[in-house]
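# Summary of structural features
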Amino acid sequence: KFFSRRTMSAKRSRRDETDDAAAIDSAARLTFARPKLFTVATCSLNQWSLDFVGNLKRVSLSIQQAKEKGATFRTGPELELSGYGCEDHFLEQDTVLHCWQSLASLLDGDLTDGILCDVGMPVLHKNVRYNCRVFLLNRKVLLIRPKLCLCDDGNYRESRWFTEWDPTRGLEEHSLPGMIVAVTGQQSIPFGIAAIPTADTVVGTETCEELFTPKSPHIAMSLDGVEIIANGSGSHHRLRMLDQRLDLLRGATQKSGGLYLYANQRGCDGGRLYYDGCALIALNGKVLAQGEQFALGDVEVITASVDLEHVRSYRGAVPSRSRQAASAPAYPRVAGAANFAIGTDAIAPAGANTQKRARLMSESKPISLRLHTPEEEISFGPSCYLWDYLRRSGANGYFLPLSGGADSSSTAALVGIMCQQVAAAARAGNEQVISDARRIAGQGADWKPTDDKEFCKLIMHTSFMGTKNSSTETRDRAALLAKEIGAYHAPGIIDPMIEAILKVFKIFTGGEEPKYLKQGGSHAEDVALQNIQARSRMVLSYLLAQLLPWVRGKKGFLLVLGSANVDEALRGYMTKYDCSSADINPIGGISKGDLKRFLLFAADRFNLPSLKAVVLAKPTAELRPLLGNEIEQTDEEDMGMTYEELGIYGKLRKVERCGPVSMFTQLLAMWNGVYSASEISAKVKHFFSSYGRNRHKLTTLTPAYHAEGYSPDDNRFDLRQFLYPSWSRQFDTMDKLAAQADAK
């Protein structure tokens, strides 16, 4: 008992080492007591509808990267083998055939060895087409899980191509096609709603829309012990909407506990939508990993390593949840993975010559969510969309009629931002971006697009198409912005075109010559003279887009960019077949107010200072004669309403589903004390009269990037008639309500 402190310390240290070793050896015998980490992976893939070869390559790469990061479970986006946006191509048997071919390729080799894969594809079961998740493991198919709830609102029409699965049918046998039988030796597999038990946990899945429904499948799964839940999605970008989606993703495990994986497409897959990625992994309501919302990369894989004891402890700590779970119906299970362990030992024996203690493997910690501001969303969403559209179209660049106004300047700025993103990706070594840029720009094998202005000069072409009605201010702003982004700028005057058309008109009409209102002409003459200018610009735009590469000694063609915003489309404030007619319109789903805020943001963030002057200038079409040297015509005066009012009308009409009467009653409360009831009634009448009169223009609206919930896109999103009556019943009802309100 008289040992020195140092001697006692040394003996205690040796005893501790002996005890630790014994504990580790004991844990090796009692495997259930050893802590395990489960490394799981999800991804964002830039798929392209019907690009079966490219889609397979990206899916395969995501699985390979997941394995390299140590993951033993991987989930991917909805319908990833075909691409989500195939639309009526899903009705073709070829689409299903080629997906099976891709699945056979995934199984024919060691790609699925040691990793449970959840893959999205269409499947025809008993002559009914379903949107499915297919589980693969060790070169075998374990389960085909059909979607329970299809999405049919907004841009989605899934029930046009697929049928919802009835879970009361239970599990059925699905006969596999011969190409799969040849690879796996399996004749049939389970088809239906089920989870997959492994040696150490249970895995389940739900698909996109099912998360958004009141009775989501993850609730039933979590109550019956499913610990890992995946969601393969096809969700597109819309301004200010990501936080709502992320709240649902976190909420899926906040109440019920669990490890939740969200996968999504990212990019333009051939239509108007930009799928905005943002793959996510959440544990018990806390985010462990989050992917990028906007990026040029084709494949992004994120992983997290988790001790599922956190799930078990979290669930078991809530008595009310345990009572519900104890009486919950059994969730079906399928065999096939009982001997496969997703988790790995968290405590590994140390190397004999390096460490004498066991080491603890790294566990993922919660992170803060990253959300973009609306100005950042406008900067990165449409610019990434423009890059995908350009590289997949076969074109050699873009052409834009650049007027110096807010709309065309916004489109030009987005191309400039696109070029900055391409240059940044090239400097970071993204070989796919480098290869695509080299091909588009027609450059040699040693060239790289590391200078954004150099790249922009090669692929972006702008032109100020002036007339005698154009001001020097707009001409100078166009030239300065083109210089700032690095575009090839070709300004010119189109008065000779207009004069030639009027000469031909005089020949056809025996010498009649139309005049502007200010010159004594009629309203019809005035509008016709404005439309000649606008339509001449469209014709010249396509001529320049076709021949400017030839002028510059290059091959190929250019895509014409449009620049009409969502508010003007809603109001019909455009000339049919004018410069709003183009190949693609990156701002067609964005409001004027958002565009102005974007321009101010981009001026500083992307070093485009001329955009500030664009914002300060009054919006004008410059289609009527100048008053001296001053602009007399302004857009808001022409429309008879402000852009702010237009945005309100648009949201009420589409998002709040208001007709004239319900819009009037809502505005009575919103504008109480600002306008009288009669004034509000007059405003609503003017809006709906203008909208109904001009709705036909939207049938030819240029395909536009979808960004706003009140987009009037007639072809996909806002399905309404284009020949309207006079609104007599609606307006009469409003008059009576307005009279009653004013009398109070």
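Reading the values: the criteria
Residues numbered from 1 in each chain as written. Predicted model: local features only at pLDDT ≥ 70, side-chain atom pairs only at ≥ 80, totals over all residues. Heavy atoms only, no water. Helix = DSSP H or I, 4+ residues; strand = E, 2+ residues; numbered from the N terminus. Buried < 20%, exposed > 50% of the residue type's maximum accessible area, 1.4 Å probe, protein only. Pairing = 2+ DSSP bridges. Contact = heavy atoms within 4.5 Å. Axes fitted to C-alpha atoms, helices over the stretch in contact; angles between N-to-C directions. Phe/Tyr/Trp six-rings, centres within 6.5 Å; stacked < 30°, edge-to-face > 60°. Lys NZ or Arg CZ within 6 Å of the ring centre and 35° of its normal. 1 Å grid on protein atoms, 1.4 Å probe; cavity = no way out; pocket = protein on both sides within 12 Å on 5 of 7 lines; lining within 4 Å. Points joined across faces, edges and corners; volume = space filled by probe spheres on them. Nonpolar A, V, L, I, M, F, W, Y, C, P; charged D, E, K, R; others polar. Salt bridge = Lys/Arg side-chain N within 4 Å of Asp/Glu carboxyl O. pLDDT = per-residue confidence, 0-100. Expected span 1.5 Å × (residues − 1). Core = buried A, V, L, I, M, F, W, Y, C linked by side-chain atoms within 4.5 Å. Lys, Arg positive; Asp, Glu negative; His and termini not counted. Polar contact = N/O pair within 3.5 Å; in protein donor to acceptor, adjacent residues only side chain to side chain. Parallel < 35°, antiparallel > 145°, perpendicular 65-115°, else oblique. Left-handed = near helix turned anticlockwise from the far one by under 90°. Disulfide = S-S within 2.5 Å.

This part takes up the environment of Phe664. Looking at the element boundaries, Phe664 is found in helix α22 (residues 660–670). Considering only alpha carbons, one finds Phe664 and Asn264, 400 residues apart in sequence, at a separation of 40 Å.

Here the focus is the pairing of strand β20 (residues 460–463). Residues of β20 alternate between two faces, with Met460 and Thr462 on one and His461 and Ser463 on the opposite face, all of them buried. Sheet topology places β20 next to strand β22 (residues 488–489); two bridges connect them, and they run parallel. Counted as the bridge partner of Thr462 is His489 from β22.

Turning to the sheet that holds β20, a few remarks are in order. Spatially, the four strands line up as an open sheet ordered β22-β20-β19-β24, and their pairing is parallel. Every interior strand has two partners, whereas the edge strands, β22 and β24 (559–560), have only one. Here two bridges tie strand β19 (residues 398–401) to β24, and the two strands are oriented parallel to one another. Along β24, the bridge assignment pairs Tyr398 with Leu559. The strands touched by helix α13 (residues 452–459) are β19, β20 and β22; relative to β20, the strand with the most contacts, the crossing angle is about 65°.

Evaluation of the coordinates by the stated rule reveals 25 aromatic pairs. Judged by centre distance (6.3 Å) and plane angle (90°), the rings of Phe688 and Tyr691 are edge-to-face. Taken as a pair, Phe688 and Tyr691 lie in helix α23 (residues 677–694) at a separation of three residues, close to a single helical turn. Tyr691 sits in the buried class, given a relative accessible area of 2%. Each residue in the set Tyr649, Trp671, Tyr675, Phe687, Phe688, Tyr691, Tyr724, Trp727 and Phe731 is aromatic and connected to the rest through ring pairs, giving one cluster. Lying across the ring of Phe717, Lys654 places its NZ or CZ 4.4 Å from the centre.

What follows deals with the layout of surface pockets. Approximately 700 Å³ is the volume found for the second largest pocket. Around the second largest pocket, the lining comprises 22 residues; the ones closest to its centre are Asp153, Tyr156, His236, Arg238 and Met241. Going through the elements one at a time, α5 (209–212), α7 (242–254) and α21 (643–655) are the ones with two or more residues in the lining of the second largest pocket. Considering every element that reaches the lining of the second largest pocket, the biggest residue donor is α7, with three residues. Residue composition of the lining of the second largest pocket, by class: eight nonpolar, six polar and eight charged.

By the definition in use, this model includes 37 salt bridges. With a closest N to O distance of 2.7 Å, Asp88 and Arg160 form a salt bridge. Residue Asp88 is found in the loop between β2 (73–75) and α3 (93–107), and its partner Arg160 is found in the loop between β5 (140–146) and β6 (172–175); the two are separated by 72 residues along the sequence. Sharing partners across several salt bridges, the network here consists of Asp298, Asp388, Arg391, Asp436 and Arg439.

With that out of the way, let us pick up the side chain of His461. Topologically, His461 is positioned in strand β20. Judged by its relative accessible area of 2%, His461 is buried.

What follows is about the pairing of strand β4 (residues 128–137). Counting buried residues along β4, nine of its 10 residues qualify, which places the element largely inside the surrounding structure. Sheet topology places strand β3 (residues 116–125) next to β4; nine bridges connect them, and they run antiparallel. Looking across to β4, one finds that Pro122 is bridged to Asn131. If you look at the hairpin formed by β3 and β4, you'll find two residues sitting between the two strands, and Lys126 has a positive phi there, around 50°.

Take unusual backbone geometry next. Positive phi values are uncommon outside glycine, yet Cys208 reaches one of about 40°. Here Cys208 shows up in the loop between β9 (202–207) and α5. Residue Cys208 is classed as buried on the basis of its relative accessible area of 7%. One non-glycine residue with positive phi stands out, namely Asn284, at about 50°. On the secondary structure map, Asn284 appears in the loop between β13 (280–283) and β14 (286–290).

Okay, empty space enclosed by the protein next. Tallied over the full model, the rule gives three cavities of 30 Å³ or more. Considered as a void within the structure, the largest cavity measures approximately 80 Å³ in volume. Together, Asn155, Arg272, Leu273, Gly588, Leu701, Ala704, Tyr705, His706, Ser711, Asp713 and Phe717 line the largest cavity. Residue classes in the lining of the largest cavity are distributed as five nonpolar, four polar and two charged.

A word on the confidence of the model for the protein chain. Residues with a pLDDT of 70 or more make up 92% of the protein chain, whose mean pLDDT is 90. In this model, residues 1–31 is a region of pLDDT below 50 whose contacts with residues beyond four sequence positions or in other chains number seven contacts. Of the regions scoring below 50 in pLDDT, residues 352–360 engages in 13 contacts with residues more than four places distant in sequence or in other chains.

The next subject is α3. The end-to-end C-alpha distance of α3 is 21 Å, a good match for the 21 Å that 15 residues give at a rise of 1.5 Å each. Within the span of α3, buried status applies to Thr95, Val96, Cys99, Trp100, Ser102, Leu103, Ala104, Leu106 and Leu107. Looking at the buried side of α3, the elements it contacts are α2 (52–68), β3, β4, β5, β6 and α4 (178–184). Note on α3: the residue one or two positions beyond its end, Gly109, has a positive phi of about 150°.

What follows covers the nonpolar core. Ranked by internal contacts, the top residues of the largest apolar core, which has 59 residues, are Trp387, Tyr398, Met418, Phe455, Ile459 and Met460. Taken together, the elements giving at least two residues each to this core come down to α10 (374–393), β19, α11 (406–427), α12 (431–441), α13, α14 (472–485), α18 (592–605) and α19 (610–616). With 10 residues, the top contributor of residues to this core is α11.

This part takes up the side chain of Arg315. In this structure, Arg315 sits in helix α8 (residues 309–316). Despite its burial, Arg315 pairs with no opposite charge, the nearest such side chain being Glu227 at 5.3 Å. A polar contact is formed between the side chain of Arg315 and the backbone oxygen of Val226, at a distance of 2.8 Å. Within polar-contact distance, the side chain of Arg315 engages the backbone oxygen of Ser256 at 2.9 Å.

So, on to the packing of α22 against α23. Their axes nearest at 10 Å, the elements α22 and α23 cross at an angle of 140°. The orientation of α22 with respect to α23, classified from their angle, is oblique. The hand of the α22/α23 crossing is right-handed. For the pair α22 and α23, the contacting residues are Pro660, Met663, Phe664, Leu667 and Leu668 in the first and Ala677, Ile680, Ser681, Val684, Phe687 and Phe688 in the second.

Tallied over the full model, the rule gives zero disulfides. For the unlinked cysteine Cys99, the closest cysteine sulfur is that of Cys86, found at 7.2 Å.

Once that is clear, we can look at the packing of α23 against helix α24 (residues 728–743). Between α23 and α24, whose axes approach to 8 Å, the crossing angle comes to 160°. Between α23 and α24, the interaxial angle falls into the category roughly antiparallel. Where α23 crosses over α24, the two elements pack in a sense that is right-handed. Facing α23, whose interface residues are Ala677, Ser678, Ser681, Val684, Lys685, Phe688 and Ser689, α24 presents Phe731, Met734, Asp735, Ala738, Ala741 and Asp742. Among the residues making up the contact of α23 with α24, the classes are represented as seven nonpolar, three polar and three charged.

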